[in-house]
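Read off the chains here:
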Amino acid sequence: MNYISTRGGLAPVPFKVAVMMGLATDGGLLLPETLPTVDEQTVEFWLDLSYQRLAFEVMSMFIDDIPTEALRRLIDKSYSTFTHPEITPLVQQGECHILELFHGPTLAFKDIALQFLGNVFEYLLEESGSSMNILGATSGDTGSAAIYGVRGKKRINIFILHPYKRVSPIQELQMTTVTDPNVFNIAIRGTFDDGQAIVKNIFNDIPFKDTFRLGAVNSINWARILAQVVYYVFAYCRIAKATGKQTVTFSVPTGNFGDIFAGYIARKMLSAKRINRLVLATNENNLLTRFVMQGDYSLGKVVQTSSPSMDIQVASNFERYLYFLYGQDPQRTGEGMESFAKTGRLTFSQEEQEKIRQDFVSASVDEAGTTAIIKDFFEKHGYVLDPHTAVGVKAGLAFQGPEMPLICLATAHPAKFGEAVAKAIGREPDMPESLRAIKDMKARCEVLDPEIATVKNFVSLHAIY
Ligand SMILES: *Cc1c(COP(=O)(O)O)cnc(C)c1O
């Protein structure tokens, strides 16, 4: 399986190259050259597999340049850090099947992809005898999942910038209590945007980037999408087997279009017969909902909500879907993205809008709606939703078809967003042991001024060669 760029300016590359490349060299995003589909018999066989076995079956349709045994080991290692034997268990609460994606080390769904990506990086660097320095900025959640993905790994150092005292106490501790020698937490005396701008600037310094072999772990890496495709297929298989129903609906709280794009790929593989139109759920940052329902993809202002990991306007994975919407025409995709960069807006023809609505339906859930569904769900079922999951549940219930199982993706453990949850149900959610424990752990963090030169200097002093 080879990978191409959505903008067409790249000769096809194998999986290993695609993973190390991250962003395509022509500025586009990487996609498989063809999408595999699966037949009746294969699905039948998949119904009984464990998460890890299924992950191997799905991933090996996209990866043909890592030997079978090595890929199996990478998968087993990646999910050995999860605390639930099913990895992503399904629990039924009333009309919803909640797909719990938060049993990894940082209690959020990004672990599923980043545990795998960290192991793949380590494997590939070992093979090539090389090393890399990962640099990124976080507003809270992605940083800790990335840090846990590569902690203690050989040949990789990681530098994560977060805004000093502007992340939640839990988020701060989840990052700074990882004291492995290859992990460097940098608290910037400034905002998330300051950190983001510094990181962007450093990546644009090509000699610096090359000297230190800088790598990124942002959500555009194909390996992250691929790891997420697995739980859609897994959930489909579990529900199909348990209920005998052939078609399911997924509801996905999304911001960067990453998680929902993984669902789109799963749907292409399994067919629209098995996975119904995806429910795309947004918070008050409703760019993607306007796109689906009105064919209007235009930038708004970011507003802060109780589901901060979805407080995003520019959806970094959107270009991947645009490529398919434009009939896999790389030139049009490139032109579209360029035009969007200039004007902050894309509009779509009637025909395209119909195509979009064959793939998705969408609803935006405001703050009051989020609080209300957390409260309602808790009163009805005694089950506590985190605010991101709540957005997905509310949207999912609005579009639920008769007789069709509804699977709602639970993207974070409620204890990570205790304050918002307490507002809804009148008490803090129960703390899992792993979160309680970090309060007493030793922390390590460097506090730096928000200056490019200062951060560069720190990175160059602590980089791995
Ligand atoms: C990142 C994140 C999301 C959104 O994921 P996308 O890939 O942007 O769709 C939703 N919920 C939580 C808890 C997250 O951390």
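Let me sum up the structure you'll find in this document. All figures in this text were calculated on a predicted structure; none of them were measured in a lab. Once a new chain begins, its residue numbering starts again from 1 and follows that chain's sequence as written. Local features in this predicted model are restricted to residues whose pLDDT is 70 or higher, and side-chain atom pairs enter the listing and the counts only when it is 80 or higher, whereas totals over whole chains, interfaces and linings include all residues. No hydrogens and no water enter the side-chain calculation; it runs on all heavy atoms of the structure.

Considerations on the site of the ligand
Part 1 of the argument: Whether a residue is near a molecule or strand is decided by its heavy atoms; if any one of them lies within 4 Å of it, the residue is near. Contacts to the ligand come from 15 residues, most closely from Lys110, Thr254, Asn256, Asp259 and Thr411.
Part 2 of the argument: Under this definition, polar contacts are N or O atom pairs within 3.5 Å; protein pairs additionally need one hydrogen-donor-capable and one acceptor-capable atom, and for neighbouring residues in sequence, both atoms have to be side-chain atoms. Between the ligand and Asn256 there is a distance of 2.6 Å, counted from an oxygen atom to a backbone nitrogen or oxygen.
Part 3 of the argument: In this structure, an oxygen atom belonging to the ligand sits 3.1 Å away from a main-chain N or O atom of Asp259.
Part 4 of the argument: Methods summary: accessible areas were calculated by the Shrake-Rupley approach with a probe of 1.4 Å, and residue burial reflects only the protein chains presented. Notes on the ligand: free accessible area 380 Å², of which the protein chains cover 96%.
Part 5 of the argument: Gly falls in the polar group here, along with every residue not listed as nonpolar (Ala, Val, Leu, Ile, Met, Phe, Trp, Tyr, Cys, Pro) or charged (Asp, Glu, Lys, Arg). The class makeup of the residues in the shell around the ligand is five nonpolar, seven polar and three charged.

A look at the pairing of strand β14 (residues 360-364)
Part 1 of the argument: Working definition: with a 1.4 Å probe on protein chains only, accessible area under 20% of the residue-type maximum means buried, over 50% means exposed, and in between means partly exposed. Comment: elements are numbered from the N terminus, with helices defined as DSSP H or I runs of at least four residues and strands as E runs of at least two. For β14, the tally of buried residues reaches four of five residues, placing the bulk of the element in the interior.
Part 2 of the argument: Relative to β14, strand β11 (residues 278-282) runs parallel, the two being bridged by five bridges. Residue pairing for β14: Val279 is matched across the bridge by Val361. In this scheme, strands are said to pair when DSSP sees at least two bridges between them.

Details of the packing of aromatic side chains
Part 1 of the argument: Any Phe, Tyr or Trp ring, taking Trp's six-membered ring, that has another such ring centre within 6.5 Å forms a pair; planes under 30 degrees apart are called stacked, those over 60 apart edge-to-face, and the others tilted. If you walk through the whole model with that rule in mind, you get 31 aromatic pairs.
Part 2 of the argument: Aromatic side chains Tyr51 and Tyr79 sit 5.4 Å apart centroid to centroid with 70° between the ring planes, which places their arrangement in the edge-to-face category. With Tyr51 in helix α3 (residues 51-59) and Tyr79 in helix α4 (residues 68-79), the pair connects residues that are 28 residues apart, well separated along the chain.
Part 3 of the argument: A ring pair is formed by Phe257 and Tyr321, whose centres lie 5.9 Å apart and whose planes are at 40°; its orientation type is tilted. Placement of Phe257 in the loop between β10 (249-253) and α11 (258-270) and of Tyr321 in helix α13 (residues 318-325) is noted, with a sequence separation of 64 residues between them. For the pair formed by Phe257 and Tyr321, the shared burial category is buried.
Part 4 of the argument: Over a ring means this: the NZ of a Lys or the CZ of an Arg is within 6 Å of the ring centre and within 35 degrees of the ring normal. The ring of Phe208 carries Lys456 above its face, with NZ or CZ at 5.4 Å from the centroid.

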